[in-house]
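Residues per chain are reported as follows:
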Amino acid sequence: MKKFLLAFACVAASYSCTDEQQAVTVTITNPLNMERSGEMVEVSAEEVFRKLNLPDTAQLVVYDDKAQEVPYQLTYDDKLIFPASVAAQATVGYTIQEGEPILVNTVVYGRQYPERADDVAWENDRAAYRAYGPALQRSGEKAYGYDVFTKNTEELVVEDRYRMELDSASWAAIHALQQAGKKAEADSLRQTISYHVDHGNGMDCYAVGPTLGGGTSALMPDGKLIYPYCYNECEVLDNGPLRFTVKLVYNPLVIKNDSNVVETRIIQLDKGSQLNKTTVNYAYLTAETPLATGLVIHAAHPKEYVCNAEKGYIAYADPTTEPNADNGTVYVGAVFPYPVTEAKAELFDAPVGDALGHVLAISPYAPDDDYVYYWGSGWSKYGFAAPEDWTNYLENFAAKVRNPLQVTIE
């Protein structure tokens, strides 16, 4: 497993902070009547280094209120982030000071896969995701939305899945068997390398196609979705150990009288979270336009959705690509930190394959605004045994983003 120098494991119990060493205190208050465990806290890295009179190349350590070291990461946008735990309606203090880091496991990672049609795939200890790239669009295949990979382990799995799926020696053997008329043997070998098969830690069993998939947003002028298709440019901004961030820029769209509307997304996944924070901006859009976030509805589960505009989330229990197989249920959802104008299910005029329509959350988008929301997934084989477990998670997540931890630096 990957290691990273900017994050740290727990220190020995005999360690104690000394009065002589300069430190800053981060005070964190939880305004909600629920415990916040392992929630990522952000502070200004520049302010921390300045208060400590240190250069921004200095090594740091972070301690919780029990003097136990916790991991941290410096991010592309000058944040210092670390996971914090705060009891309901309580306040705790974390300490940051200069110190020598030790290595810890990286549990958040992603990259572009030019060897697989320019996919961008990423994961943390809870879930894994994919966005489709320009090579796939050039092929003519229509896949507009986010894809979901299930996983049931904290270990990183996506890199190995792509390696198996694309193994050239295995594919040569498959083609040789097919040419020899040994279809059953070829199919059997194909199953052993496919990431559509669960080899013990999850799989790709979610269908996207020409839909919004697992939580993509799209402008909706005159009540009609304008699908964004695949990204055009990709830049990984953060890559673990606690946060993955990627910037995706899309091809220009025609939105009514605007013929060159360019969408940019900043997608961020943190350790321990099922959901990706996503910031969407549309350049060169001149008029306020409805913006929808959607989850595709599939035929095998036409009614397994929840829309709750008041509490700020939508959810769907997806049947997977083979509902009769032992793939479990993929739960998808989206959470909104700001009020949602409308949340509803909207069906297509006619089915598109096995896709019937979307669960949508719709709000107005003003030119030059940043639209921020969260989307992601859970799996019935990894922490979400029933639909209620998933909707409870989304409801609590929505409450947290609408009532963020209050953070000050002293």
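See above for the structure.
Now for a quick tour of the structure. Throughout this document, residue positions are counted from 1 along each chain, in the order its sequence is written. Thresholds applied to this predicted model are a pLDDT of at least 70 for local features of residues and 80 or more for the giving and counting of side-chain atom pairs; totals over whole chains, interfaces and linings are not thresholded and use all residues. With hydrogens and water excluded, all non-hydrogen atoms of the structure serve as input to the side-chain values.

1. A look at the layout of surface pockets
Condition: Note on definitions: the grid is 1 Å and covers protein atoms alone; a cavity is a set of points where a 1.4 Å probe fits but cannot get out; a pocket is an open set with protein on both sides within 12 Å along at least five of seven lines; lining residues have an atom within 4 Å of a point. Grid points are joined across faces, edges and corners, and a volume is the space filled by probe spheres set on the points. Starting at the N terminus, helices and strands are each numbered in turn, a helix being any DSSP run of H or I of at least four residues and a strand any DSSP run of E of at least two. Here the nonpolar group is Ala, Val, Leu, Ile, Met, Phe, Trp, Tyr, Cys and Pro; Asp, Glu, Lys and Arg are the charged ones; every other residue, Gly included, is treated as polar.
There is about 780 Å³ of room inside the largest pocket. For the largest pocket, the lining is made up of 26 residues, of which Glu39, Met40, Asp270, Phe397 and Val401 are closest to its centre. When contributions to the lining of the largest pocket are tallied by element, the ones reaching two or more residues are strand E3 (36-44), strand E18 (258-270), strand E19 (275-283) and helix H6 (387-402). Broken down by element, the residue count for the lining of the largest pocket peaks at 7 residues, all from E3. Residues that form the lining of the largest pocket fall into these classes: 11 nonpolar, 6 polar and 9 charged.

2. Some thoughts on the pattern of salt bridges
Under the convention used in this document: Put simply, a salt bridge is a Lys or Arg side-chain nitrogen that is within 4 Å of an Asp or Glu carboxyl oxygen.
Overall, the coordinates contain 22 salt bridges when judged by the stated rule. For glutamate 46, the salt bridge goes to arginine 50, with nearest N and O atoms at 3.3 Å. Taken together, the residues glutamate 46 and arginine 50, both in helix H1 (residues 45-51) and 4 residues apart, mark about one turn of the helix. The salt bridge partner of lysine 344 is glutamate 346, with a shortest N-O separation of 3.2 Å. A single salt-bridge network, built from bridges that share partners, covers Arg116, Asp119, Arg130, Asp147 and Asp204.

3. Details of the nonpolar core
What counts is decided by this rule: Only buried residues count toward a nonpolar core. Its members are Ala, Val, Leu, Ile, Met, Phe, Trp, Tyr and Cys residues joined through side-chain atoms within 4.5 Å. The buried label goes to any residue with under 20% of its type's maximum accessible area, the exposed label to any with over 50%, and the partly exposed label to all in between, with areas taken from a 1.4 Å probe on protein chains only. A contact between two residues is defined here by any heavy atoms of the two lying within 4.5 Å.
With 53 residues, the main nonpolar core has Trp122, Leu219, Leu248, Tyr282, Phe336 and Trp375 as its most contacted residues. Beyond its immediate sequence surroundings of up to four residues, tryptophan 375 is in contact with Trp122, Tyr129, Tyr146, Gly214, Gly215, Ile267, Gln274, Leu275, Asn276, Thr278, Gly333 and Ala334. Val24, Ile28, Val62 and Val70 belong to the second largest nonpolar core, which has 24 residues in total.

4. As for the packing of aromatic side chains
Worth spelling out the cut-off: A pair of aromatic rings is counted whenever rings of Phe, Tyr or Trp (Trp by its six-membered ring) have centres within 6.5 Å, and the orientation is called stacked for planes under 30 degrees apart, edge-to-face for over 60 and tilted otherwise. Only Lys NZ and Arg CZ are tested; either one counts as a charge over a ring when it is within 6 Å of the ring centre and within 35 degrees of the ring normal.
Inspection of every chain in the model, using the stated rule, returns 21 aromatic pairs. An aromatic cluster is defined as three or more aromatic residues linked by ring pairs; in this entry it consists of Tyr331, Tyr374, Phe384, Trp390, Tyr393 and Phe397. Directly above the ring of tyrosine 113 sits arginine 111, whose terminal nitrogen or CZ lies 3.8 Å from the centroid. Arginine 126 extends its terminal NZ or CZ atom over the ring of tyrosine 382, reaching a point 3.9 Å from the ring centre.

5. Details of the side chain of glutamate 165
Spelled out, the test is: Counted as a polar contact is a pair of N or O atoms within 3.5 Å, where, for protein atoms, one must be capable of donating a hydrogen and the other of accepting one, and residues adjacent in sequence contribute only when both atoms are in side chains.
Residue position: glutamate 165 is located in helix H3 (residues 158-165). Of the polar contacts made by the side chain of glutamate 165, one reaches the backbone nitrogen of tyrosine 195; its length is 2.8 Å. Filtering out sequence-adjacent residues up to four positions away, glutamate 165 remains in contact with Trp171, Arg190, Ile193, Ser194 and Tyr195.

6. Examining a negative patch on the surface
Selection criterion: Like-charged residues within 9 Å of one another, or nonpolar side chains (Val, Leu, Ile, Met, Phe, Trp, Tyr) within 5 Å, are grouped into patches, provided each residue has over 30% relative accessible area and no salt bridge. Surface accessibility follows the Shrake-Rupley procedure with a 1.4 Å probe radius. Residue values consider only the protein chains on display as shielding. For this count, His and the chain ends are skipped, Lys and Arg are scored as positive, and Asp and Glu as negative. We put the charge of a Lys on NZ, of an Arg on CZ, of an Asp on CG and of a Glu on CD.
On the surface, a cluster of negative charge is contributed by Glu288, Asp368, Asp369 and Asp370. Mapped onto the elements of the fold, aspartate 368 is located in the loop between strand E25 (355-365) and strand E26 (371-379).

7. Things to note about the sheet that holds strand E11 (residues 119-123)
Stated formally: Only strands joined by at least two bridges in the DSSP assignment are considered to pair. Here an axis means a line fitted to C-alpha atoms, over the contact stretch when the element is a helix, while the angle between two N-to-C directions is reported on a 0 to 180 degree scale.
Sheet architecture is open: 4 strands sit in the order E10-E11-E12-E13, paired in antiparallel fashion. Each edge of the open sheet carries a strand with a single partner, namely strand E10 (109-113) and strand E13 (147-149). Strand-to-strand twist in this sheet, taken as the mean axis angle between neighbours without regard to direction, amounts to 20 degrees. The sheet contact formed by E11 and strand E12 (residues 128-131) spans 4 bridges and is antiparallel.

8. Re the pairing of strand E24 (residues 342-352)
Pairing analysis gives 7 bridges linking E24 to E25, with the strands arranged antiparallel. Each bridged residue has a counterpart across the sheet, and for glutamate 342 the counterpart in E25 is isoleucine 362.

9. As for the side chain of glutamine 73
By the secondary structure assignment, glutamine 73 is in strand E6 (residues 73-74). You can call glutamine 73 buried: its relative accessible area is 1%. Of the polar contacts made by the side chain of glutamine 73, one reaches the backbone oxygen of glycine 240; its length is 3.3 Å.

10. A short note on unusual backbone geometry
Comment: phi is negative for the bulk of residues other than glycine, and the bulk of peptide bonds are trans. In this chain, glycine 240 is followed by proline 241 through a cis amide linkage whose omega measures 10 degrees. Tracing the backbone shows proline 241 in the loop between strand E15 (231-239) and strand E16 (243-250). Positive phi outside glycine occurs at asparagine 53, with the angle close to 55 degrees. Here asparagine 53 lies in the loop between H1 and strand E4 (60-63).

11. Overview of helix H5 (residues 183-193)
A turn of α-helix holds 3.6 residues, and therefore any two residues three or four places apart point the same way. What counts here: When we speak of the arc, we mean the arc of directions from the helix axis to the C-beta atoms.
Listing the buried residues of H5 in full gives Ala186, Arg190 and Ile193. For H5, the angular spread of the buried residues around the axis is 65 degrees, confining them to a single face. Residues of H5 that are buried make contact with H3 and helix H4 (168-179).

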